[in-house]
Amino acid sequence: MCLPIKIRAHLRRSHPSSDLIAAIICTILFLSTKQTPVLVPPSDKDRATDRTMSTKRKSSKSTGDGGGTGKEVTTQLENDDGGESSSDDESSDDDSLVLGGEIIRNPDVSDSDDDYSSEEEEADKNTQQSKKKQKTNNGKSKGTKPKKKASNQPETIQVDFVFCDANERFFHGLKTLVHRNSVHSPHSSQLADLVIENNMVGTVLSTDQDDNVFGFASVINLTTNSSSPCIEALKKICLDKCPQQHKVEMETVLSGKTKRPAGFFFQERMVNVTLELTEILHQQLVLDMDHAVKNARDEDEKKSLDFGAFVRLAPCYSGDGGGANSEIYKYFDDEIFATNAEFVYTFDAPKMFEEDEEELKCSVIVMTKTGHRAAMKELKKMVGGN
């Protein structure tokens, strides 16, 4: 049960230390009772001109209904100015400062001073014991060798990379890499399925230990997969963004009426894949295409795998020059493909996230089989040095 303790103090504003005395009284009551005063507006009865301050604390308990014996403590502070008073002391009642407060006791806190002192003693003992232990540990540590700091050098892990055919177990890894290209991201699942189905012409860079995909390269036939929604969407983007001077050529490549079929050239990889692995990835794709043509089951399959043109949608960024050939490609090998292409044009790619500040672009690279093989020789020379 919470017992209210009322505080009444009457001080005249003319007294030079009235505010200070009132603050001291509230502080003493708070420390002695562990209770926080809440100020309430004074009543008309409290507006008196007394020169004394009284503080009453009353607590009661009933023996029959939860209460008991009570006690009352009264403290009076009188004006000790030697009996002298100035003319300002005789001011009207309106100038008097009345402080009224009501304190509600916290039932979880004991009002006994003995409990408070015992808690302080226990806290002091715990502090002294902890200091002694610290000194003891410091003394023991003098004879022990300091621990070596952990090295900030990166840990080297030996990994065996493998180049294998696309498989269902690589679906999530393929989808993740395809989704990083903002042009392909709306169709990442469908494109991952096409890469897996087209396992005769495609290579995946992975390890024997898990199903992680570090990179892949594949060529998807535009004619045999023309009914696929993602292929149709990519063909539409290429035609809509194509400049007028290359419009006729682009329509011919994407029409499927050429002597040799054209294919979308997909290749994605992690940014920290080494140059040597990148060059081997492209070489494996060339070997896959040659092997597929030689080992085709029939003439129709052979024609569908003997690609004569390649269309590559390469992610890039605007260079400092701002000209037609000032693009900075995300993958260095795309620049080699662009230099050996029949024609190249660039359009603004959609942003992956709204907060992206750098403007992403997409470069459409159209190569013939001859240009692709020339780019492969240039890539091998750049990586291998011969």
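What counts and what doesn't
- Residues numbered from 1 in each chain as written.
- Predicted model: local features only at pLDDT ≥ 70, side-chain atom pairs only at ≥ 80, totals over all residues.
- Heavy atoms only, no water.
- Helix = DSSP H or I, 4+ residues; strand = E, 2+ residues; numbered from the N terminus.
- Buried < 20%, exposed > 50% of the residue type's maximum accessible area, 1.4 Å probe, protein only.
- Contact = heavy atoms within 4.5 Å.
- Areas by Shrake-Rupley, 256 points an atom, 1.4 Å probe, with all protein chains shown as cover.
- Axes fitted to C-alpha atoms, helices over the stretch in contact; angles between N-to-C directions.
- Parallel < 35°, antiparallel > 145°, perpendicular 65-115°, else oblique.
- Left-handed = near helix turned anticlockwise from the far one by under 90°.
- Core = buried A, V, L, I, M, F, W, Y, C linked by side-chain atoms within 4.5 Å.
- Lys, Arg positive; Asp, Glu negative; His and termini not counted.
- Salt bridge = Lys/Arg side-chain N within 4 Å of Asp/Glu carboxyl O.
- Polar contact = N/O pair within 3.5 Å; in protein donor to acceptor, adjacent residues only side chain to side chain.
- pLDDT = per-residue confidence, 0-100.

Draft legend 1. Quick look at the overall build of the protein chain. When helices and strands are counted, the protein chain shows ten helices and 13 strands. Within the protein chain, the fraction of its 386 residues that count as buried is 35%. A fraction of 74% describes how many contacts in the protein chain between residues 6 or more apart in sequence connect residues 24 or more apart. As displayed, the protein chain offers around 24600 Å² of accessible surface, 49% of which is attributable to carbon and sulfur atoms.

Draft legend 2. Region of the structure containing the packing of helix H9 (residues 332-339) against helix H10 (residues 369-384). Packing of H9 against H10 leaves a shortest axis separation of 9 Å and a crossing angle of 135 degrees. Between H9 and H10, the interaxial angle falls into the category oblique. Considering only the axes of H9 and H10, their crossing is right-handed. Where H9 approaches H10, its residues Phe332, Asp333, Ile336, Phe337 and Thr339 are matched on the opposing element by His372, Ala375, Met376, Glu378, Leu379 and Met382.

Draft legend 3. The nonpolar core, seen in detail. One finds Leu174, Cys238, Met250, Phe264 and Val311 to be the most contacted residues of the largest nonpolar core, which totals 39 residues. Counting residues per element, this core draws most heavily on helix H4 (residues 188-197), which supplies five residues. When neighbours within four sequence positions are excluded, Leu174 is seen to be in contact with Ala192, Val195, Ile196, Val204, Val213 and Phe216. If you look at the next biggest cluster of nonpolar residues, it comprises 30 residues, including Phe265, Phe337, Ala338 and Val383.

Draft legend 4. Examining the side chain of Glu327 more closely. The residue Glu327 is located in the loop between strand E10 (309-317) and strand E11 (328-329) in this model. Here Glu327 sits buried without a salt bridge, and the closest side chain of opposite charge, Lys361, lies 7.2 Å off (N-O distance). There is a polar contact of 3.2 Å between the side chain of Glu327 and the side chain of Thr346. Discounting chain neighbours no more than four positions away, the residues touching Glu327 are Cys316, Tyr317, Gly319 and Thr346.

Draft legend 5. Here's a closer look at the pattern of salt bridges. Applying the stated criterion across every chain, the model contains eleven salt bridges. Taking the shortest distance from any N to any O, the salt bridge between Arg260 and Asp306 comes out at 3.7 Å. Residue Arg260 is located in the loop between helix H6 (247-255) and strand E9 (262-269), and its partner Asp306 is located in the loop between helix H8 (299-305) and E10; the two are separated by 46 residues in the primary sequence. Asp290 is paired through a salt bridge with Arg373; the nearest N and O atoms lie 3.0 Å apart. Taken as a pair, Asp290 in helix H7 (residues 275-294) and Arg373 in helix H10 lie far apart in primary sequence, 83 residues in all. A relative accessible area of 26% means that Arg373 is categorised as partly exposed. Linked by salt bridges that have partners in common, Arg260, Asp306 and Lys369 make up one network.

Draft legend 6. Fine view of the side chain of Thr207. One can find Thr207 in strand E7 (residues 202-207). At 2.8 Å, the side chain of Thr207 and the side chain of Asp210 are in polar contact.

Draft legend 7. Region of interest: the confidence of the model for the protein chain. Of all residues in the protein chain, 59% have pLDDT values of 70 or greater, and the mean over the chain is 74. For residues 47-105, every residue scores under 50 in pLDDT, and the model assigns this stretch 119 contacts once sequence neighbours within four places are set aside. Segment residues 139-143: pLDDT under 50, and zero contacts once partners within four positions in sequence are set aside and those in other chains are kept.

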